[in-house]
Amino acid sequence: MELRDLLIATAARAADFREQAAEARVFPDTSPETVRDALGALPAGPAPAAQVVDELTKAVEPALVASAGPRYFGFVTGGALDAATAADFLTTGWDQNGFNATSSPAAAAVEDVAATWLKDLLGLPATASSGFVTGGQAANTVCLAAARHHVLAQAGWDVERDGLHGAPRVRVIVNADRHATIDRALRLLGLGTSSVVPVRTDPQGRADVGELSTALSEVDGPRIVCLQAGDVNTGAFDDFPAAVEVAHRRGAWVHVDGAVGLWAAASPRLRHLTAGVAAADSWSTDGHKWLNVPYDSGYAFCAHPEAHAAATAYTAAYLAGQNGFRAPSAFALESSRRARGFATWAALRQLGRSGLADLVDRCCTLAQRFAGQLAAGGVTIGNDVVLNQVLAAFGDDERTRRVLAAVQRSGVCWMGGTTWHGRAYLRISVSSWRTTENDVDRSAEAVLAAFRQES
Ligand SMILES: *Cc1c(COP(=O)(O)O)cnc(C)c1O
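Residues numbered from 1 in each chain as written. Predicted model: local features only at pLDDT ≥ 70, side-chain atom pairs only at ≥ 80, totals over all residues. Heavy atoms only, no water.

**Examining the overall build of the chain**
- In terms of helices and strands, the chain carries 14 helices and 11 strands.
- Since a compact globule built from 455 residues should have a radius of gyration of about 23 Å, the 23 Å found for the chain is in line with a globular shape.
- Taking as baseline every contact in the chain between residues at least 6 positions apart, the subset at least 24 positions apart corresponds to 75%.
- In the structure as shown, the chain presents an accessible area of about 19400 Å², 55% of it carried by carbon and sulfur atoms.
- A distance of 2 Å separates the average location of the 40 positive side-chain charges in the chain from that of its 48 negative side-chain charges. (Helix = DSSP H or I, 4+ residues; strand = E, 2+ residues; numbered from the N terminus. Rg over C-alpha atoms; globule rule 2.2 N^0.38 Å. Contact = heavy atoms within 4.5 Å. Areas by Shrake-Rupley, 256 points an atom, 1.4 Å probe, with all protein chains shown as cover. Lys, Arg positive; Asp, Glu negative; His and termini not counted. Charge placed at Lys NZ, Arg CZ, Asp CG, Glu CD.)

Structure below.
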(Lines give C-alpha, C1' and ligand atoms only; values in the text may rest on other atoms or scores of the structure.)
Protein backbone atom coordinates (compact mmCIF):
# COMPACT_ATOMS: atom_id res chain seq x y z
CA MET A 1 0.00 0.00 0.00
CA GLU A 2 1.25 3.48 -0.88
CA LEU A 3 1.99 5.86 2.00
CA ARG A 4 -0.92 8.05 0.82
CA ASP A 5 -3.40 5.19 1.07
CA LEU A 6 -1.98 4.03 4.37
CA LEU A 7 -2.32 7.46 5.95
CA ILE A 8 -5.86 7.93 4.65
CA ALA A 9 -6.89 4.50 5.96
CA THR A 10 -5.17 5.19 9.28
CA ALA A 11 -6.88 8.55 9.70
CA ALA A 12 -10.20 6.84 9.00
CA ARG A 13 -9.49 4.37 11.80
CA ALA A 14 -8.80 7.20 14.20
CA ALA A 15 -12.04 8.89 13.13
CA ASP A 16 -13.97 5.62 13.61
CA PHE A 17 -12.52 5.25 17.08
CA ARG A 18 -13.44 8.76 18.07
CA GLU A 19 -16.98 8.42 16.72
CA GLN A 20 -17.70 5.18 18.54
CA ALA A 21 -16.09 6.55 21.74
CA ALA A 22 -19.41 8.31 22.35
CA GLU A 23 -21.27 5.01 22.78
CA ALA A 24 -18.65 2.34 23.55
CA ARG A 25 -17.79 1.13 27.06
CA VAL A 26 -15.76 3.98 28.52
CA PHE A 27 -13.28 1.67 30.22
CA PRO A 28 -12.30 -1.53 28.40
CA ASP A 29 -12.64 -5.00 29.85
CA THR A 30 -9.49 -6.27 28.10
CA SER A 31 -6.43 -6.51 30.35
CA PRO A 32 -2.97 -5.13 29.58
CA GLU A 33 -1.64 -8.71 29.83
CA THR A 34 -3.89 -9.75 26.93
CA VAL A 35 -2.43 -6.98 24.77
CA ARG A 36 1.10 -7.85 25.79
CA ASP A 37 0.53 -11.50 24.91
CA ALA A 38 -0.92 -10.56 21.54
CA LEU A 39 2.03 -8.35 20.54
CA GLY A 40 4.88 -9.76 22.57
CA ALA A 41 6.76 -12.10 20.20
CA LEU A 42 9.76 -10.32 18.61
CA PRO A 43 9.39 -10.70 14.82
CA ALA A 44 12.28 -12.31 12.95
CA GLY A 45 11.98 -9.98 9.96
CA PRO A 46 10.23 -7.02 8.37
CA ALA A 47 6.53 -6.60 7.59
CA PRO A 48 4.66 -4.27 5.22
CA ALA A 49 3.59 -1.02 6.88
CA ALA A 50 -0.14 -1.64 6.32
CA GLN A 51 0.11 -5.02 8.02
CA VAL A 52 1.93 -3.45 10.97
CA VAL A 53 -0.84 -0.91 11.47
CA ASP A 54 -3.42 -3.71 11.18
CA GLU A 55 -1.71 -5.88 13.76
CA LEU A 56 -1.30 -2.97 16.15
CA THR A 57 -4.91 -1.83 15.81
CA LYS A 58 -6.39 -5.31 16.25
CA ALA A 59 -4.32 -5.99 19.36
CA VAL A 60 -4.77 -2.67 21.16
CA GLU A 61 -8.28 -1.53 20.23
CA PRO A 62 -10.03 -3.79 22.78
CA ALA A 63 -7.91 -2.20 25.54
CA LEU A 64 -8.26 1.46 24.56
CA VAL A 65 -9.92 3.85 27.01
CA ALA A 66 -12.59 6.12 25.53
CA SER A 67 -11.05 9.17 27.19
CA ALA A 68 -11.57 11.09 23.95
CA GLY A 69 -15.30 10.48 24.41
CA PRO A 70 -17.84 12.57 26.32
CA ARG A 71 -18.26 10.52 29.53
CA TYR A 72 -14.70 10.18 30.76
CA PHE A 73 -14.32 12.12 34.01
CA GLY A 74 -11.06 10.61 35.28
CA PHE A 75 -7.95 12.61 36.26
CA VAL A 76 -8.27 15.92 34.35
CA THR A 77 -8.71 14.79 30.78
CA GLY A 78 -9.66 16.80 27.73
CA GLY A 79 -11.15 15.16 24.68
CA ALA A 80 -8.82 16.66 22.00
CA LEU A 81 -10.50 19.16 19.70
CA ASP A 82 -10.92 18.21 16.02
CA ALA A 83 -8.58 20.90 14.69
CA ALA A 84 -5.95 20.10 17.31
CA THR A 85 -6.17 16.39 16.49
CA ALA A 86 -5.76 17.08 12.77
CA ALA A 87 -2.86 19.47 13.42
CA ASP A 88 -1.23 16.80 15.56
CA PHE A 89 -1.51 14.34 12.62
CA LEU A 90 0.23 16.97 10.49
CA THR A 91 2.90 17.45 13.15
CA THR A 92 3.70 13.76 12.77
CA GLY A 93 3.57 13.91 8.99
CA TRP A 94 5.75 17.03 8.79
CA ASP A 95 8.15 15.55 11.36
CA GLN A 96 9.80 18.87 12.16
CA ASN A 97 12.48 19.20 14.79
CA GLY A 98 11.22 22.03 17.00
CA PHE A 99 14.71 22.82 18.28
CA ASN A 100 15.08 26.32 16.80
CA ALA A 101 14.29 28.43 13.74
CA THR A 102 17.04 26.74 11.77
CA SER A 103 15.81 23.20 12.42
CA SER A 104 12.28 24.42 11.58
CA PRO A 105 11.32 28.04 10.86
CA ALA A 106 7.66 26.97 10.85
CA ALA A 107 7.75 25.28 14.25
CA ALA A 108 9.59 28.19 15.89
CA ALA A 109 7.20 30.78 14.43
CA VAL A 110 4.00 28.92 15.37
CA GLU A 111 5.14 28.39 18.97
CA ASP A 112 5.85 32.09 19.15
CA VAL A 113 2.36 33.00 17.95
CA ALA A 114 0.63 30.42 20.16
CA ALA A 115 2.61 31.59 23.21
CA THR A 116 1.52 35.19 22.62
CA TRP A 117 -2.12 34.10 22.36
CA LEU A 118 -1.85 31.93 25.48
CA LYS A 119 -0.42 34.77 27.58
CA ASP A 120 -3.22 37.05 26.42
CA LEU A 121 -5.95 34.49 27.18
CA LEU A 122 -4.48 33.47 30.55
CA GLY A 123 -3.98 37.07 31.69
CA LEU A 124 -0.19 36.73 32.00
CA PRO A 125 2.31 39.51 31.24
CA ALA A 126 3.03 39.83 27.51
CA THR A 127 6.74 40.05 28.37
CA ALA A 128 6.82 36.61 30.04
CA SER A 129 8.98 33.91 28.44
CA SER A 130 7.40 30.61 27.48
CA GLY A 131 8.41 27.01 27.05
CA PHE A 132 6.25 24.41 25.28
CA VAL A 133 6.78 21.17 27.17
CA THR A 134 5.20 17.77 27.67
CA GLY A 135 2.81 18.64 30.49
CA GLY A 136 2.34 20.07 33.96
CA GLN A 137 5.18 18.02 35.42
CA ALA A 138 7.70 19.36 32.92
CA ALA A 139 6.29 22.89 33.23
CA ASN A 140 6.63 22.81 37.03
CA THR A 141 10.19 21.52 36.65
CA VAL A 142 11.19 24.24 34.17
CA CYS A 143 9.60 26.99 36.28
CA LEU A 144 11.21 25.77 39.48
CA ALA A 145 14.58 25.55 37.71
CA ALA A 146 14.19 29.22 36.79
CA ALA A 147 13.19 29.96 40.39
CA ARG A 148 16.22 28.08 41.70
CA HIS A 149 18.49 30.10 39.42
CA HIS A 150 16.97 33.40 40.46
CA VAL A 151 16.87 32.99 44.23
CA LEU A 152 20.39 31.58 44.35
CA ALA A 153 21.76 34.32 42.07
CA GLN A 154 20.27 36.84 44.48
CA ALA A 155 22.19 35.10 47.26
CA GLY A 156 25.39 35.42 45.21
CA TRP A 157 25.49 31.79 44.06
CA ASP A 158 25.80 30.59 40.44
CA VAL A 159 23.91 27.30 40.51
CA GLU A 160 24.39 26.58 36.81
CA ARG A 161 28.17 26.74 37.23
CA ASP A 162 28.67 25.45 40.75
CA GLY A 163 25.71 23.16 41.33
CA LEU A 164 24.23 22.80 44.79
CA HIS A 165 27.25 21.52 46.73
CA GLY A 166 28.00 24.23 49.24
CA ALA A 167 25.13 26.44 48.05
CA PRO A 168 22.91 28.37 50.46
CA ARG A 169 19.94 26.23 51.44
CA VAL A 170 16.80 26.95 49.38
CA ARG A 171 13.48 26.57 51.20
CA VAL A 172 10.29 25.92 49.27
CA ILE A 173 7.16 27.07 51.04
CA VAL A 174 4.19 25.28 49.54
CA ASN A 175 0.48 24.79 49.78
CA ALA A 176 0.17 21.53 51.77
CA ASP A 177 -2.28 20.20 49.16
CA ARG A 178 0.13 20.79 46.25
CA HIS A 179 0.25 18.38 43.33
CA ALA A 180 2.84 15.60 43.72
CA THR A 181 4.67 16.80 40.59
CA ILE A 182 5.98 19.76 42.63
CA ASP A 183 7.78 17.29 44.90
CA ARG A 184 9.15 15.34 41.95
CA ALA A 185 10.42 18.58 40.38
CA LEU A 186 12.18 19.46 43.65
CA ARG A 187 13.77 16.00 43.74
CA LEU A 188 14.98 16.29 40.15
CA LEU A 189 16.35 19.78 40.76
CA GLY A 190 18.45 18.62 43.70
CA LEU A 191 16.53 20.76 46.18
CA GLY A 192 15.10 17.64 47.78
CA THR A 193 11.72 17.15 49.38
CA SER A 194 13.16 18.11 52.78
CA SER A 195 13.38 21.67 51.43
CA VAL A 196 9.57 21.74 51.58
CA VAL A 197 7.84 23.82 54.24
CA PRO A 198 4.14 22.93 53.95
CA VAL A 199 1.53 25.61 54.66
CA ARG A 200 -1.72 24.45 56.25
CA THR A 201 -4.80 24.67 54.04
CA ASP A 202 -8.51 25.19 54.65
CA PRO A 203 -11.08 22.45 53.86
CA GLN A 204 -11.05 23.49 50.17
CA GLY A 205 -7.25 23.31 49.90
CA ARG A 206 -6.43 27.03 50.02
CA ALA A 207 -3.19 27.93 51.77
CA ASP A 208 -3.60 29.90 54.98
CA VAL A 209 -1.94 33.25 54.17
CA GLY A 210 -1.22 33.97 57.86
CA GLU A 211 0.68 30.66 58.09
CA LEU A 212 2.43 31.41 54.83
CA SER A 213 3.60 34.70 56.24
CA THR A 214 4.82 33.03 59.44
CA ALA A 215 6.64 30.30 57.49
CA LEU A 216 8.36 32.95 55.37
CA SER A 217 9.54 34.84 58.43
CA GLU A 218 10.81 31.69 60.16
CA VAL A 219 13.22 30.63 57.43
CA ASP A 220 16.17 32.64 56.14
CA GLY A 221 17.88 32.69 52.82
CA PRO A 222 16.64 31.90 49.31
CA ARG A 223 12.93 31.13 49.28
CA ILE A 224 10.44 29.91 46.70
CA VAL A 225 6.68 29.91 47.32
CA CYS A 226 4.42 27.49 45.38
CA LEU A 227 0.73 28.33 45.07
CA GLN A 228 -2.09 26.66 43.17
CA ALA A 229 -4.66 27.79 40.63
CA GLY A 230 -7.18 24.97 40.66
CA ASP A 231 -6.57 22.18 43.16
CA VAL A 232 -6.64 18.83 41.34
CA ASN A 233 -9.26 17.52 43.81
CA THR A 234 -11.42 20.51 44.73
CA GLY A 235 -10.62 23.07 42.00
CA ALA A 236 -9.84 25.66 44.71
CA PHE A 237 -7.63 28.70 44.11
CA ASP A 238 -5.14 30.23 46.49
CA ASP A 239 -5.63 33.84 47.54
CA PHE A 240 -3.14 35.28 45.06
CA PRO A 241 -3.37 39.00 45.87
CA ALA A 242 -2.58 38.41 49.56
CA ALA A 243 -0.18 35.47 49.16
CA VAL A 244 1.91 36.99 46.37
CA GLU A 245 2.19 40.27 48.27
CA VAL A 246 3.40 38.53 51.43
CA ALA A 247 5.88 36.38 49.49
CA HIS A 248 7.31 39.27 47.49
CA ARG A 249 7.66 41.40 50.60
CA ARG A 250 9.98 38.65 51.90
CA GLY A 251 11.89 38.47 48.62
CA ALA A 252 10.56 35.03 47.64
CA TRP A 253 9.93 33.82 44.09
CA VAL A 254 6.28 32.86 43.57
CA HIS A 255 5.46 29.90 41.33
CA VAL A 256 1.83 29.12 40.48
CA ASP A 257 0.88 25.58 39.49
CA GLY A 258 -2.05 26.35 37.23
CA ALA A 259 -2.27 23.02 35.38
CA VAL A 260 -6.07 23.07 35.64
CA GLY A 261 -7.22 26.40 37.01
CA LEU A 262 -5.22 28.97 35.07
CA TRP A 263 -7.78 28.45 32.29
CA ALA A 264 -10.42 30.16 34.44
CA ALA A 265 -8.71 33.40 33.38
CA ALA A 266 -9.97 32.80 29.84
CA SER A 267 -13.59 33.12 31.00
CA PRO A 268 -15.01 36.55 31.86
CA ARG A 269 -17.40 34.79 34.27
CA LEU A 270 -14.66 32.90 36.16
CA ARG A 271 -11.66 35.19 35.75
CA HIS A 272 -12.11 36.58 39.27
CA LEU A 273 -10.83 33.24 40.62
CA THR A 274 -7.38 34.02 39.22
CA ALA A 275 -7.28 37.64 40.41
CA GLY A 276 -3.75 38.66 41.30
CA VAL A 277 -2.12 35.68 39.58
CA ALA A 278 -0.30 37.86 37.04
CA ALA A 279 1.91 39.27 39.80
CA ALA A 280 3.61 35.88 40.33
CA ASP A 281 7.05 35.03 38.91
CA SER A 282 6.28 31.81 37.06
CA TRP A 283 3.24 29.80 35.96
CA SER A 284 2.75 26.28 34.67
CA THR A 285 -0.28 24.90 32.89
CA ASP A 286 -1.39 22.04 30.68
CA GLY A 287 -2.57 21.94 27.08
CA HIS A 288 -3.74 18.32 27.18
CA LYS A 289 -6.14 18.94 30.03
CA TRP A 290 -8.60 21.78 29.65
CA LEU A 291 -7.44 23.20 26.31
CA ASN A 292 -8.27 19.79 24.78
CA VAL A 293 -5.00 19.43 22.86
CA PRO A 294 -3.95 15.79 22.26
CA TYR A 295 -1.23 14.33 24.51
CA ASP A 296 1.24 15.60 25.24
CA SER A 297 1.24 19.35 25.77
CA GLY A 298 2.11 21.75 28.58
CA TYR A 299 3.42 25.29 29.00
CA ALA A 300 5.91 26.98 31.33
CA PHE A 301 5.74 30.78 31.60
CA CYS A 302 8.19 32.98 33.43
CA ALA A 303 8.12 36.69 34.28
CA HIS A 304 11.94 36.72 34.23
CA PRO A 305 13.03 35.52 30.79
CA GLU A 306 16.71 35.79 31.73
CA ALA A 307 16.21 33.42 34.70
CA HIS A 308 14.24 31.04 32.50
CA ALA A 309 16.94 30.98 29.82
CA ALA A 310 19.75 30.78 32.39
CA ALA A 311 18.16 27.59 33.74
CA THR A 312 17.31 25.86 30.46
CA ALA A 313 19.20 27.28 27.44
CA TYR A 314 22.43 25.82 26.15
CA THR A 315 24.68 26.51 23.21
CA ALA A 316 26.97 24.44 21.08
CA ALA A 317 28.90 25.68 18.09
CA TYR A 318 27.14 23.45 15.56
CA LEU A 319 23.69 24.52 16.81
CA ALA A 320 23.96 28.25 16.15
CA GLY A 321 20.83 29.51 14.39
CA GLN A 322 20.90 31.30 11.05
CA ASN A 323 18.97 34.18 12.47
CA GLY A 324 18.04 35.72 15.77
CA PHE A 325 14.59 34.12 16.01
CA ARG A 326 13.74 32.81 19.47
CA ALA A 327 14.78 29.16 19.90
CA PRO A 328 11.90 27.20 21.49
CA SER A 329 14.27 24.60 22.94
CA ALA A 330 16.06 27.26 25.01
CA PHE A 331 12.98 27.41 27.26
CA ALA A 332 12.19 23.69 27.58
CA LEU A 333 13.89 20.56 28.90
CA GLU A 334 14.27 18.87 25.55
CA SER A 335 16.82 19.55 22.85
CA SER A 336 15.43 17.92 19.70
CA ARG A 337 11.71 18.00 20.26
CA ARG A 338 8.22 17.58 18.84
CA ALA A 339 6.81 20.75 17.25
CA ARG A 340 4.08 21.12 19.89
CA GLY A 341 3.02 24.57 18.76
CA PHE A 342 0.99 23.34 15.78
CA ALA A 343 -1.65 21.49 17.82
CA THR A 344 -1.89 24.29 20.38
CA TRP A 345 -2.28 26.93 17.67
CA ALA A 346 -5.01 24.83 16.04
CA ALA A 347 -6.93 24.41 19.31
CA LEU A 348 -6.81 28.15 19.99
CA ARG A 349 -7.71 28.98 16.38
CA GLN A 350 -10.68 26.60 16.39
CA LEU A 351 -12.05 28.05 19.63
CA GLY A 352 -11.08 31.69 19.39
CA ARG A 353 -11.38 33.82 22.50
CA SER A 354 -15.12 33.26 22.89
CA GLY A 355 -14.95 29.52 22.19
CA LEU A 356 -12.35 29.00 24.92
CA ALA A 357 -14.46 31.00 27.40
CA ASP A 358 -17.50 28.88 26.44
CA LEU A 359 -15.57 25.62 26.87
CA VAL A 360 -14.38 26.60 30.35
CA ASP A 361 -17.79 27.93 31.41
CA ARG A 362 -19.65 24.92 30.05
CA CYS A 363 -17.44 22.42 31.92
CA CYS A 364 -17.97 24.33 35.18
CA THR A 365 -21.73 24.54 34.67
CA LEU A 366 -21.83 20.81 33.92
CA ALA A 367 -19.81 20.08 37.08
CA GLN A 368 -22.45 21.95 39.09
CA ARG A 369 -25.21 20.03 37.34
CA PHE A 370 -23.44 16.75 38.21
CA ALA A 371 -23.04 17.79 41.86
CA GLY A 372 -26.67 18.95 42.05
CA GLN A 373 -28.03 15.65 40.75
CA LEU A 374 -25.85 13.59 43.07
CA ALA A 375 -26.77 15.74 46.09
CA ALA A 376 -30.47 15.39 45.22
CA GLY A 377 -29.93 11.61 45.31
CA GLY A 378 -28.52 11.73 48.84
CA VAL A 379 -24.81 11.82 47.96
CA THR A 380 -22.46 14.02 50.01
CA ILE A 381 -20.56 16.59 47.93
CA GLY A 382 -17.18 17.15 49.59
CA ASN A 383 -16.11 20.42 47.99
CA ASP A 384 -17.43 23.82 46.95
CA VAL A 385 -17.87 23.31 43.22
CA VAL A 386 -16.14 26.50 42.09
CA LEU A 387 -14.56 25.02 38.97
CA ASN A 388 -14.85 21.73 37.03
CA GLN A 389 -14.06 19.35 39.91
CA VAL A 390 -16.54 17.46 42.12
CA LEU A 391 -15.83 15.19 45.11
CA ALA A 392 -18.60 12.75 46.06
CA ALA A 393 -18.85 10.53 49.16
CA PHE A 394 -21.38 7.74 49.76
CA GLY A 395 -21.41 7.20 53.50
CA ASP A 396 -18.29 5.57 54.93
CA ASP A 397 -15.06 5.19 52.95
CA GLU A 398 -15.67 1.50 52.40
CA ARG A 399 -19.00 2.15 50.74
CA THR A 400 -17.56 5.01 48.67
CA ARG A 401 -14.93 2.61 47.33
CA ARG A 402 -17.59 -0.01 46.50
CA VAL A 403 -19.69 2.58 44.65
CA LEU A 404 -16.61 3.78 42.75
CA ALA A 405 -15.74 0.22 41.68
CA ALA A 406 -19.33 -0.38 40.54
CA VAL A 407 -19.38 2.84 38.49
CA GLN A 408 -16.09 1.95 36.85
CA ARG A 409 -17.42 -1.54 35.99
CA SER A 410 -20.63 -0.12 34.51
CA GLY A 411 -18.88 1.16 31.39
CA VAL A 412 -21.34 4.08 31.17
CA CYS A 413 -18.75 6.58 32.37
CA TRP A 414 -15.43 6.51 34.14
CA MET A 415 -14.13 8.47 37.09
CA GLY A 416 -11.35 7.86 39.56
CA GLY A 417 -11.13 7.85 43.32
CA THR A 418 -9.11 10.01 45.66
CA THR A 419 -8.44 10.68 49.30
CA TRP A 420 -9.09 14.25 50.37
CA HIS A 421 -8.19 15.43 53.88
CA GLY A 422 -8.41 11.87 55.17
CA ARG A 423 -11.64 10.73 53.48
CA ALA A 424 -12.30 8.62 50.39
CA TYR A 425 -14.13 10.27 47.49
CA LEU A 426 -15.21 9.58 43.97
CA ARG A 427 -13.59 12.33 41.94
CA ILE A 428 -15.25 13.90 38.90
CA SER A 429 -13.47 16.20 36.48
CA VAL A 430 -15.48 17.72 33.61
CA SER A 431 -12.84 18.77 31.09
CA SER A 432 -13.90 17.62 27.62
CA TRP A 433 -15.40 19.76 24.87
CA ARG A 434 -17.57 16.75 23.95
CA THR A 435 -19.45 16.43 27.25
CA THR A 436 -23.12 17.49 27.08
CA GLU A 437 -25.92 17.84 29.64
CA ASN A 438 -27.22 14.49 28.47
CA ASP A 439 -23.83 12.86 29.18
CA VAL A 440 -23.85 14.30 32.68
CA ASP A 441 -27.43 13.12 33.29
CA ARG A 442 -26.66 9.58 32.09
CA SER A 443 -23.50 9.48 34.20
CA ALA A 444 -25.19 10.85 37.33
CA GLU A 445 -27.86 8.16 36.89
CA ALA A 446 -25.18 5.48 36.65
CA VAL A 447 -23.54 6.76 39.84
CA LEU A 448 -26.87 6.86 41.69
CA ALA A 449 -27.71 3.34 40.48
CA ALA A 450 -24.37 2.12 41.86
CA PHE A 451 -25.11 3.96 45.12
CA ARG A 452 -28.47 2.16 45.50
CA GLN A 453 -26.95 -1.19 44.54
CA GLU A 454 -24.16 -0.85 47.14
CA SER A 455 -26.50 0.17 50.00
C1 LIG B 1 -2.23 17.32 36.26
C2 LIG B 1 -1.55 18.25 37.17
C3 LIG B 1 -0.16 18.35 37.18
C4 LIG B 1 0.72 17.45 36.35
O5 LIG B 1 0.47 17.62 34.99
P6 LIG B 1 0.86 16.51 33.92
O7 LIG B 1 0.32 17.07 32.67
O8 LIG B 1 0.20 15.23 34.35
O9 LIG B 1 2.35 16.39 33.92
C10 LIG B 1 0.41 19.29 38.02
N11 LIG B 1 -0.35 20.07 38.80
C12 LIG B 1 -1.68 20.00 38.83
C13 LIG B 1 -2.46 20.90 39.73
C14 LIG B 1 -2.33 19.09 38.00
O15 LIG B 1 -3.67 19.02 38.01
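**Section: helix H5 (residues 105-122)**
- When the terminal C-alpha atoms of H5 are compared, their 26 Å separation across 18 residues agrees well with the 26 Å that a helix rising 1.5 Å per residue should span.
- For H5, the full list of buried residues reads Ala-107, Ala-108, Glu-111, Ala-114, Ala-115, Leu-118, Lys-119, Leu-121 and Leu-122. In an axial view of H5, the angular spread of the buried residues amounts to 160°, which keeps them on one side of the axis.
- Looking one or two places after H5, you find Gly-123, whose phi comes out positive at around 70°. (Expected span 1.5 Å × (residues − 1). Buried < 20%, exposed > 50% of the residue type's maximum accessible area, 1.4 Å probe, protein only. Arc of directions from axis to C-beta.)

**Some words on the packing of H5 against helix H12 (residues 341-376)**
- At a minimum axis separation of 9 Å, H5 and H12 run at an interaxial angle of 30°. One element, H5, and the other, H12, form an angle in the roughly parallel class. In this structure, the crossing between H5 and H12 has a hand that is left-handed. Contact residues: Ala-106, Ala-107, Val-110, Glu-111, Val-113, Ala-114, Trp-117, Leu-118, Asp-120 and Leu-121 in H5; Gly-341, Phe-342, Thr-344, Trp-345, Leu-348, Arg-349, Arg-353 and Leu-356 in H12.
- The class makeup of the residues in the contact of H5 with H12 is 12 nonpolar, 2 polar and 4 charged. (Axes fitted to C-alpha atoms, helices over the stretch in contact; angles between N-to-C directions. Parallel < 35°, antiparallel > 145°, perpendicular 65-115°, else oblique. Left-handed = near helix turned anticlockwise from the far one by under 90°. Nonpolar A, V, L, I, M, F, W, Y, C, P; charged D, E, K, R; others polar.)

**A few points about the site of the ligand**
- Around the ligand there are 13 residues in total, and Gln-137, Asp-257, Asp-286, His-288 and Lys-289 lie nearest to it.
- With respect to the ligand, the side chain of His-288 contributes an N or O atom lying 2.7 Å from an oxygen atom.
- At 2.9 Å from an oxygen atom of the ligand is found a side-chain nitrogen or oxygen belonging to Lys-289.
- Considered on its own, the ligand offers 380 Å² of accessible surface; in the complex 85% of this is hidden by protein.
- For the shell around the ligand, the element with the highest residue contribution is helix H6 (residues 136-154), accounting for 3 residues.
- Across the shell around the ligand, the residue classes tally to 3 nonpolar, 7 polar and 3 charged. (Near = heavy atom within 4 Å. Polar contact = N/O pair within 3.5 Å; in protein donor to acceptor, adjacent residues only side chain to side chain.)

**Focus: the sheet that holds strand S9 (residues 389-393)**
- As summarised here, the arrangement of the 4 strands in space is S8-S9-S11-S10, forming an open sheet in which the pairing is antiparallel. Only two strands of the sheet have a single neighbouring strand rather than two, namely strand S8 (380-381) and strand S10 (416-420).
- Pairing of S8 with S9 involves 2 bridges; the strand directions are antiparallel. The residue bridging Thr-380 from the neighbouring strand is Ala-393, located in S9. (Pairing = 2+ DSSP bridges.)

**Brief notes about the packing of aromatic side chains**
- Scanning all chains against the criterion turns up 10 aromatic pairs.
- In textbook terms, an aromatic cluster arises when at least three aromatic residues are bridged by ring pairs, as seen for Phe-27, Tyr-72, Phe-75 and Trp-414. (Phe/Tyr/Trp six-rings, centres within 6.5 Å; stacked < 30°, edge-to-face > 60°.)

**Thoughts on the pattern of salt bridges**
- Scanning the entire structure with this criterion turns up 21 salt bridges.
- For Arg-269, the salt bridge identified is with Asp-361, shortest N-O distance 3.8 Å. Of this pair, Arg-269 sits in the loop between strand S5 (253-257) and strand S6 (282-286) while Asp-361 sits in helix H12, placing them 92 residues apart in sequence.
- One salt-bridge network, in which partners are shared between bridges, spans Arg-200, Asp-208 and Glu-211. (Salt bridge = Lys/Arg side-chain N within 4 Å of Asp/Glu carboxyl O.)

**Structural notes on a nonpolar patch on the surface**
- Together, Val-113, Trp-117 and Trp-345 make up a nonpolar patch on the protein surface, roughly 240 Å² of accessible area in all.
- Within the element layout of this structure, Val-113 appears in helix H5.
- The partly exposed category is assigned to Val-113, whose relative accessible area is 35%. (Patch = residues over 30% accessible without salt bridge, like charges linked within 9 Å, V, L, I, M, F, W, Y side chains within 5 Å.)

**Comments concerning unusual backbone geometry**
- Looking along the chain, the bond that leaves Tyr-295 and enters Asp-296 is cis, with omega of -5°.
- You can see Asp-296 is positioned in the loop between S6 and strand S7 (298-302).
- Although it is not a glycine, Asn-292 adopts a positive phi angle of roughly 60°.
- By the element assignment, Asn-292 lies in the loop between S6 and S7.

Any link to function would need more than the numbers given here.
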